[in-house]
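For reference, the chains in residue letters:
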Amino acid sequence: MIHLENINLRVPGFVLKDINLHVQANDFFSLIGPTGSGKSLLLEGITGLLPFSSGTLLVGNQEITNLAVEKRNIAIVYQNFALFPHLTVTQNIFYGVAYHSISRQTALKRFDSLVSTLGLEKIIKRHPQALSGGEKQRVALARALILNPRVLLLDEPLSALDPIFHEEAKQLLKKIHDDLDITIIMVSHNFSDVLYLANRGAIINAGEIVQQGEIATIFERPNSKFTAFFVGMKNIHPIHNRNGKILIKQENIEITPSVQPDITATYMAIRPENISLKTPGMEKFENCFTGKIERITGNGVFLNVYLQTQNFQFEAIWPRSYLRDHDLDIGKPIVFGFHPEAVHTF
Amino acid sequence: MKRIEPLNSLFFLLSLPLIFLLTLPLLQMTFQPSLTMLMETIADKEVMGAIARSIGLSLGAGILSFLMGTPLAYLLARKQIVGKKIIEGIIDLPIMIPHPVVGIAILSLTGRNHPIGRFLSDIGIQIMGTRTGIICVLLFVGLPFYVNTVKAGFESVPIQLENASRTLGAGKFSTFLRITVPLTWRHMILGIIMCTARAISEFGAVVIVAYHPMTAPVMIYERFTAYGLKYSQPIAVWLIIISFCLFILLRMLSNSTHPQCR
């Protein structure tokens, strides 16, 4: 559907290097990376607002690398929504219709359908200044979707919303994708949003794609220290490979993985939520350690618990209730561990 | 009881002389002429002609600055053009050049001794002693006020709005007309007001390029030198009153445009 081949994009002080991306029809594709990694820049490049320095952009079978922005029919919903402040909600939604060969009847039909799907009935006569963040986003979506775009680009669609609208907007984006069979490329720095919404994606760091593929694969099998950290893994350490076991460098800690680590693997990582207490009646962990709770941080429902064994520390995330149920506190001696399946190497 | 803030009181006291400096001479001048004198002055066709000429030509300069200054202001606000700082400096020059120098500079370029002057003369455009000449001078002195005001207006429109418009299918020109202009309309009106106001007050440059046809400031000066203070004051009062009413009207017009964008 969308193919970016050997794309380079230079702006003062930043460069996107050799980007190769393949988005399939009806994908909910996510570009994931930290702030300043170049993901929004890539989105602007796809719209045509920033010209690529080199490379090819194909949509369907058409090469559109040099096609004017207004002729691409690639819609974008910005993080701050970019609604036109001098126009009402209705006028905003109809803004682009005049530039596309959409009959009045079709436009009105799509308008009614979008107003109903996105719940805009009560606000169509208002100006953007009188709308909440969630409402603004729904109007921006309607304004883009009425044109039936070939691709819908979403630039950090959830990060500008109050927590109260965040979940609602997430459900809505999922619904739009499922109902309209549309190809979406979403930029995000929040992996939990991506995990819920996207089926495929790419991790971008400092202007380069570091991993792409199925979101589940990226989440389960990160291929680099950066991706591992970004998808929420902790306990990331350089390793030696010894007879199918892993030896954490300089620490003499031996860990058993479920699968033989790749010969090129230099790091291991364990999700903090995969480390748990060894409790009576529990089947034996293959990776089991005796130690004590060194430190507890965080003050929400989930707490970061630092477990000290000999001269090595593991980081776990446990619910507050888990600590309470097991009567755990700083300094308390414990036996903890994790299953071999929890060990990721790369 | 409302607390008196010592710093505010001090600043108010320090501001007082300035407020007096601005208001007292104008109040004195406005209320000195008798009503009869004011009525006699307004009945004088020459006076009315000069005031109408001043306002008309100044508005003309304001509208020309709108037509020619808007594209320039847009380029300066939106594009990274080579020598941008130098162009901005040149636009600000008329603010600091002594006004008679502006008149002399324009005359030296448009006289018969200069190719441009000869060319203008050949196609029938006279600068010396004509309304064209006056408008030319007024545009010169008023343009910085228009361009700077409208440039700030363009800069206040988020570029993302223009980008969003383009991704929705609108071309650059269409985006300019449907997004940029409606959102900067008030700045343009304000720019025209600023340029026109500056032009109405211009004397030094106008008197060199065109003593006749007489604008109001030139007539005030002429009446002052020929007949004294008493005969120049009423013209000044009428000029102030009429200009004031005009600007209030223009302000109201700009405020009624897109009230939701304020």
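Because the structure is a prediction, the values reported are computed rather than measured.

**Considering the pairing of strand S8 (residues 184-188) of chain A**
All names here are of chain A. The buried fraction of S8 amounts to five of the five residues, a majority that puts the element mostly inside the structure. Burial along S8 is two-sided: the residues Ile184, Met186 and Ser188 and Ile185 and Val187 are all buried. By the bridge criterion, five bridges tie strand S3 (residues 28-32) to S8 in an arrangement that is parallel. In the strand pairing of S8, Leu31 is matched with Val187. In this fold, strand S7 (residues 151-155) hands off to helix H5 (residues 163-180), which returns the chain to S8; that crossover is right-handed.

**Details of the pattern of salt bridges**
Residues and elements named next belong to chain A. Inspection of the entire model under this criterion finds 17 salt bridges over all chains. Notably, a salt bridge pairs Lys175 with Asp179, separated by 3.1 Å at the nearest N-O pair. Of this pair, Lys175 and Asp179 both sit in helix H5, separated by four residues, roughly a single helical turn. Residues participating in the shared-partner salt-bridge network are Glu167, Lys170 and Asp193.

**Some words on helix H8 (residues 159-167) of chain B**
Within H8 of chain B, seven of the nine residues are buried, which leaves the element mostly enclosed by the surrounding structure. Among the residues of H8 of chain B, those classed as buried are Leu161, Glu162, Asn163, Ala164, Ser165, Arg166 and Thr167 of chain B. At its buried positions, H8 of chain B is contacted by helix H1 (39-47), strand S6 (74-77) and helix H4 (133-145) of chain A together with helix H3 (45-78) and helix H9 (172-200) of chain B. Following H8 of chain B by one or two positions, Gly169 of chain B adopts a phi angle in the positive range, close to 115°.

**Quick look at the domain arrangement of chain A**
When its domains are assigned, chain A resolves into domain 1 (2-220) and domain 2 (233-345). Taking the mean C-alpha position of each, domain 1 of chain A and domain 2 of chain A sit 39 Å from one another.

**Observations concerning the interface of chain A and chain B**
The partner chain B presents 21 residues to the 23 residues of chain A that form the contact. When chain A packs against chain B, close to 2000 Å² is buried across both sides, 61% of that on carbon and sulfur atoms. There are one salt bridge connecting chain A and chain B. Across the salt bridge formed by Arg166 of chain B and Glu70 of chain A, the nearest N and O atoms sit 2.6 Å from each other. At the surface where chain A touches chain B, the tally comes to seven residue pairs in polar contact (both at pLDDT 80 or more). For the side of chain A that touches chain B, the secondary-structure elements that each account for two or more residues are H1, S6 and H4 of chain A. Of the residues assigned to the side of chain A that touches chain B, the class counts are 13 nonpolar, seven polar and three charged.

**Re the environment of Ala202 of chain A**
Residue and element names in this part refer to chain A. One can find Ala202 in strand S9 (residues 200-205). For Ala202, a relative accessible area of 0% translates into the label buried. Here the alpha-carbon distance between Ala202 and Asp178, two residues 24 residues apart in the chain, equals 21 Å. Each residue touching Ala202, except ones within four places of it in the same chain, is listed here: Leu21, Phe29, Ser30, Leu31, Ile32, Ile209, Gln211, Gln212 and Ile218.

**Quick look at H9 of chain B**
Compared with an ideal rise of 1.5 Å per residue, which puts 29 residues at 42 Å, H9 of chain B spans 36 Å between its outermost C-alpha atoms and falls more than 12% short. The sharpest bend along H9 of chain B reaches about 55° and sits at Val181 of chain B, with the proline Pro182 of chain B one to four residues further on.

**Quick word on the sheet that holds strand S10 (residues 208-214) of chain A**
Residues and elements named next belong to chain A. Judged by pairing direction, the sheet is mixed, and its six strands sit side by side in the order S6-S7-S8-S3-S9-S10 without closing on themselves. On the outer flanks of this sheet lie S6 and S10, each paired with one strand and no other. This sheet shows a mean twist of 15° between the axes of neighbouring strands, independent of strand direction. Bridge count for S7 against S8 is four bridges, and the pairing is parallel. Following the sheet pairing, Leu154 is matched in S8 by Met186.

**Some points on the sheet that holds strand S4 (residues 54-59) of chain A**
Residues and elements named next belong to chain A. If you walk across this open sheet you meet the four strands as S2-S1-S4-S5, and the pairing is antiparallel. At either end of the open sheet lies a strand with only one pairing partner, and these are strand S2 (14-23) and strand S5 (62-63). Relative to S2, strand S1 (residues 2-11) is paired through seven bridges, and the arrangement is antiparallel. Within S2, the position partnered with Arg10 by the bridge is Val15.

**Notes on the packing of H3 of chain B against H9 of chain B**
All names here are of chain B. Packing of H3 against H9 leaves a shortest axis separation of 8 Å and a crossing angle of 140°. Put simply, H3 runs oblique to H9. Crossing geometry of H3 relative to H9 is assigned as right-handed. Contacts between H3 and H9 pair Ser54, Ile55, Ser58, Leu59, Ala61, Gly62, Ser65, Phe66, Thr70 and Tyr74 from the former with Phe176, Thr180, Trp185, Met188, Ile192, Cys195, Thr196, Ala199 and Ile200 from the latter.

**Considerations on the packing of aromatic side chains**
All names here are of chain A. Here the structure, examined in full by the defined rule, presents 19 aromatic pairs over all chains. Judged by centre distance (5.7 Å) and plane angle (15°), the rings of Phe226 and Phe230 are stacked. Residue Phe226 and its partner Phe230 are both found in helix H8 (residues 225-230); the two are separated by four residues, about one turn of the helix. The exposure class of Phe226 is partly exposed, given its relative accessible area of 24%.

The rules behind these values
- Residues numbered from 1 in each chain as written.
- Chains lettered and ligands numbered in written order.
- Predicted model: local features only at pLDDT ≥ 70, side-chain atom pairs only at ≥ 80, totals over all residues.
- Heavy atoms only, no water.
- Buried < 20%, exposed > 50% of the residue type's maximum accessible area, 1.4 Å probe, protein only.
- Helix = DSSP H or I, 4+ residues; strand = E, 2+ residues; numbered from the N terminus.
- Pairing = 2+ DSSP bridges.
- Right-handed = clockwise from strand over helix to strand, strands pointing away.
- Salt bridge = Lys/Arg side-chain N within 4 Å of Asp/Glu carboxyl O.
- Contact = heavy atoms within 4.5 Å.
- Domains from an automatic or database assignment.
- Buried area = accessible area lost by both parts, 1.4 Å probe.
- Polar contact = N/O pair within 3.5 Å; in protein donor to acceptor, adjacent residues only side chain to side chain.
- Nonpolar A, V, L, I, M, F, W, Y, C, P; charged D, E, K, R; others polar.
- Expected span 1.5 Å × (residues − 1).
- Bend = angle between axes of the 7 residues up to and from the residue.
- Axes fitted to C-alpha atoms, helices over the stretch in contact; angles between N-to-C directions.
- Parallel < 35°, antiparallel > 145°, perpendicular 65-115°, else oblique.
- Left-handed = near helix turned anticlockwise from the far one by under 90°.
- Phe/Tyr/Trp six-rings, centres within 6.5 Å; stacked < 30°, edge-to-face > 60°.

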